[in-house]
Amino acid sequence: MNDLLSDEDIAFRDTARRWVEAEVPKDWCRDLERREHEFPELLWQRLCDFGAHGIGIPEELGGQGGSIVTQALFARELARTAAGLSWVWGVTSFSGSKAISYCGSEAQRREFLPRIAAGKLRTAMAFTEPGGGTDLLGGMRTRARKVDGGWVIDGEKIWSTCAHVADYLFLMARTRTEVAKRSDGISIFFVPRRSAGITITELPKLGMRCVASCSVHLDKVFVPDELLLGEEGQGWRPSTRPLNNERLVNAATCLGMLDGVLEDALAHMRTRQAFGRLIGEFQALQHYVADMAMWQAQGELMVLHTALLQAAEKPSAMESNMAKVLCSEYVGKAADLGIQILGGMGYSAETDMQRYWRDSRLLRIGPISNEMARNQIAEGLGLPRSF
Ligand SMILES: Cc1cc2nc3c(=O)[nH]c(=O)nc-3n(C[C@H](O)[C@H](O)[C@H](O)COP(=O)(O)OP(=O)(O)OC[C@H]3O[C@@H](n4cnc5c(N)ncnc54)[C@H](O)[C@@H]3O)c2cc1C
């Protein structure tokens, strides 16, 4: 992969790798994840100290600079040990930094990006509703109506990850119902999470246990005009840019988890004995890790190629979907085989394999389900839209 990266990218990746090894080791992450309902503030703080929240934010706005390539490289390195905990960084990276960069005005960029870069502002994405996440527009009941000086929002969001600790919610609502197309009349707001009328409830879930996903109830929540991102009623198209970014960060996260799975599987095969031999000598298990290495190599090329397209602002929706589907399926298969290789220890909460398996499972469902991503890929091949 080094052939496709600039010297600067390689230096950044190597620095990030050393930092992760020293500051975010696997056993520390395993312990954090076990503390359900306790947001890992210490991890957030270490990310601040490294400057991770400034990745992809221009230096003149207090960030570290860099592109989606940098963001993907970091997502991969962090997920190798942190697995789903890497969302502590990822959520604000795409629902804060990218959302404001792509959907906000110059004044909003100047106001919010320096605070995000400094780690002083956290965000969460509140798009999905109980009525449906795949059919986001069909399921959307959240409404914003115009009042003097702003908007009043009523509705219900679900699965908003990190909403309980966010300062702002990157939120989608319908501002007009009489529209020619469903994607018209959609607006994007940056809603202060502590606004009157917001109730947040954590939802128990399979993985990423200390990074809560929440339902968000909005009852007559007032949002001032200056927190509308972009034009009223025209929010759908700009919002697809941070969503594309999220898809690729997801793919890179899956790849990082796959790295973690493969290294743990190999380490176990090199030490565990059965029938007087190392289990790494058994061909059946060698085939498992050979498959993982092939998935890793394919995922790496796909993620990097897509990141380079996005960085060059070339069309990449199809590639983002492909990278997300492939990497989420590869890591799922790899983590499952990883548990098999570790035997009983793979099922034990004392090792990380179960964490990779639980955390990676989500990424076949969200942020876009793999069925829906395949629908869009098929449409990109010129077939009629199936949804
Ligand atoms: C842990 C977790 C964290 C999340 N974090 C966030 C977040 O931070 N912010 C946010 O906004 N959302 C978040 N989500 C929501 C996530 O994006 C949705 O769960 C996802 O989009 C799927 O929507 P759904 O759950 O409503 O499933 P549904 O839309 O009900 O889909 C159910 C099944 O039907 C299939 N299906 C639906 N339509 C089609 C079709 N046309 N063709 C083929 N198959 C179809 C789907 O693929 C899926 O298999 C999170 C979800 C989870 C579980």
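Residues numbered from 1 in each chain as written. Predicted model: local features only at pLDDT ≥ 70, side-chain atom pairs only at ≥ 80, totals over all residues.

Undergrad: Can you tell me about the overall build of the protein, naming the residues and giving the values?
TA: Each helix and strand counted, the protein has 13 helices and ten strands in total. In terms of C-alpha radius of gyration, the protein reaches 21 Å, essentially the compact-globule figure of 21 Å for 387 residues. For the protein, the residues scored as buried account for 48% of the 387 residues in total. Considering only intrachain contacts with a sequence separation of at least 6, the fraction spanning at least 24 residues in the protein is 73%. (Helix = DSSP H or I, 4+ residues; strand = E, 2+ residues; numbered from the N terminus. Rg over C-alpha atoms; globule rule 2.2 N^0.38 Å. Buried ≥ 20, exposed ≤ 12 C-beta atoms within 10 Å, placed from the backbone. Contact = placed C-beta atoms within 7 Å.)

Undergrad: Report on the pairing of strand S1 (residues 123-126), specifying residues and quantitative values.
TA: Side chains Thr123 and Met125 of S1 all project onto a buried face; the interleaved residues Ala124 and Ala126 project onto the opposite face, where all are buried too. Here S1 pairs with strand S4 (residues 168-174) via four bridges, running parallel. Residue Thr123 lies in a different strand from S4, and its bridge partner there is Tyr168. (Pairing = 2+ DSSP bridges.)

Undergrad: If you had to explain helix H4 (residues 68-82) to someone new, which residues and values would you point to?
TA: The end-to-end C-alpha distance of H4 is 20 Å, a good match for the 21 Å that 15 residues give at a rise of 1.5 Å each. Judged by how many residues are buried, H4 sits mostly within the fold: 15 of 15 residues are covered. Ala83 sits one or two residues past H4 and shows a positive phi near 50 degrees. (Expected span 1.5 Å × (residues − 1).)

Undergrad: Describe the domain arrangement of the protein, listing the residues and the values that go with them.
TA: In many reports, interface size means the accessible area that the parts give up when they come together. Segmentation of the protein into domains returns domain 1 (2-122), domain 2 (124-231) and domain 3 (237-380). Across the boundary between the two partners, domain 1 contributes 20 residues, which contact 19 residues of domain 2. No other element matches the six residues that helix H5 (residues 87-103) contributes to the side of domain 1 that touches domain 2. By residue class, the composition of the side of domain 1 that touches domain 2 is ten nonpolar, five polar and five charged. (Domains from an automatic or database assignment. Nonpolar A, V, L, I, M, F, W, Y, C, P; charged D, E, K, R; others polar.)

Undergrad: An account of the environment of Pro242 is requested, with residue identities and associated values reported.
TA: Here Pro242 is to be found in helix H8 (residues 236-269). Taking the number of C-beta atoms within 10 Å as the measure of exposure, Pro242 has 24 and is therefore buried. With 141 residues separating them along the chain, Pro242 and Ser101 place their C-alpha atoms 8.8 Å apart. In this view, Pro242 contacts Phe94, Ser95, Lys98, Ala99, Tyr102 and Cys103; residues no more than four positions away in its chain are not counted.

Undergrad: Kindly report on the site of the ligand, identifying the contributing residues and their values.
TA: Taken together, 24 residues lie near the ligand, and Gly133, Thr134, Trp159, Gly366 and Ser369 sit nearest. Residue assignment for the shell around the ligand shows that the elements contributing at least two residues are S1, strand S3 (150-161) and helix H13 (370-380). Grouping the constituent residues of the shell around the ligand by class yields eleven nonpolar, ten polar and three charged. Counting residues domain by domain, the shell around the ligand receives three or more from each of domain 2 (124-231) and domain 3 (237-380). (Near = placed C-beta within 6 Å.)

Undergrad: Let's hear about the environment of Ala317: which residues, and what values?
TA: Of note, Ala317 is situated in helix H10 (residues 317-342). You can call Ala317 partly exposed: it has 18 C-beta atoms within 10 Å. A sequence separation of 74 residues divides Ala317 from Leu243, and the C-alpha atoms of the two residues are 9.7 Å apart.

Undergrad: Explain unusual backbone geometry residue by residue, including any values.
TA: The amide bond that connects Gly366 to the next residue, Pro367, takes the cis arrangement and shows omega of 0 degrees. Checked against the element boundaries, Pro367 lands in the loop between helix H12 (353-361) and H13. A positive phi angle, close to 50 degrees, is found at Ala83, a residue other than glycine. For Ala83, the location among the structural elements is in the loop between H4 and H5. Phi is positive for Trp159, close to 65 degrees, though the residue is something other than glycine.

Undergrad: Please provide a residue-by-residue account of H5, values included.
TA: Along H5, the sharpest change in direction is near 30 degrees and occurs at Ser93. Burial of H5 is extensive: 17 of the 17 residues sit out of reach of the surface. (Bend = angle between axes of the 7 residues up to and from the residue.)

Undergrad: Go over the packing of H10 against H12, please, and point to the residues and values.
TA: Relative orientation of the contacting elements H10 and H12 amounts to 155 degrees, with a least axis distance of 9 Å. Relative to H12, the element H10 is oriented roughly antiparallel. Classified by chirality, the crossing of H12 by H10 is left-handed. Counting all contacts with H10, which are made through Ser328, Val331, Gly332, Ala335, Asp336, Gly338, Ile339 and Leu342, the residues of H12 involved are Met353, Gln354, Tyr356, Trp357, Ser360 and Arg361. Residue composition of the contact of H10 with H12, by class: seven nonpolar, five polar and two charged. (Axes fitted to C-alpha atoms, helices over the stretch in contact; angles between N-to-C directions. Parallel < 35°, antiparallel > 145°, perpendicular 65-115°, else oblique. Left-handed = near helix turned anticlockwise from the far one by under 90°.)

Undergrad: If you had to explain the nonpolar core to someone new, which residues and values would you point to?
TA: Among the nonpolar cores identified, the biggest contains 108 residues, and Phe189, Leu258, Val261 and Val303 are the most heavily contacted of them. For this core, the element with the highest residue contribution is H10, accounting for 13 residues. Setting aside residues up to four positions removed in sequence, Phe189 forms contacts with Ala144, Trp151, Ile153, Leu171, Ala173, Val223, Leu227, Leu228 and Leu229. (Core = buried A, V, L, I, M, F, W, Y, C linked by C-beta atoms within 7 Å.)

Undergrad: Could you give an account of the packing of H8 against H12, naming the residues involved and the relevant values?
TA: Packed helices, taken two at a time, are described by the angle their axes make and the gap between the axes. Packing of H8 against H12 leaves a shortest axis separation of 10 Å and a crossing angle of 155 degrees. As the angle between them shows, H8 and H12 are arranged roughly antiparallel. Of the two elements, H8 crosses H12, and the hand of that crossing is left-handed. Counted together, Cys254, Met257, Gly260, Val261 and Asp264 of H8 and Met353, Tyr356, Asp359 and Ser360 of H12 form the full contact between these two elements. Grouping the amino acids of the contact of H8 with H12 by side-chain chemistry returns five nonpolar, two polar and two charged.

Undergrad: Give a description of the environment of Arg80 that names residues and reports values.
TA: By secondary structure assignment, the location of Arg80 is in helix H4. Judged by the 25 C-beta atoms lying within 10 Å of it, Arg80 falls in the buried class. Here the alpha-carbon distance between Arg80 and Val24, two residues 56 residues apart in the chain, equals 9.7 Å.

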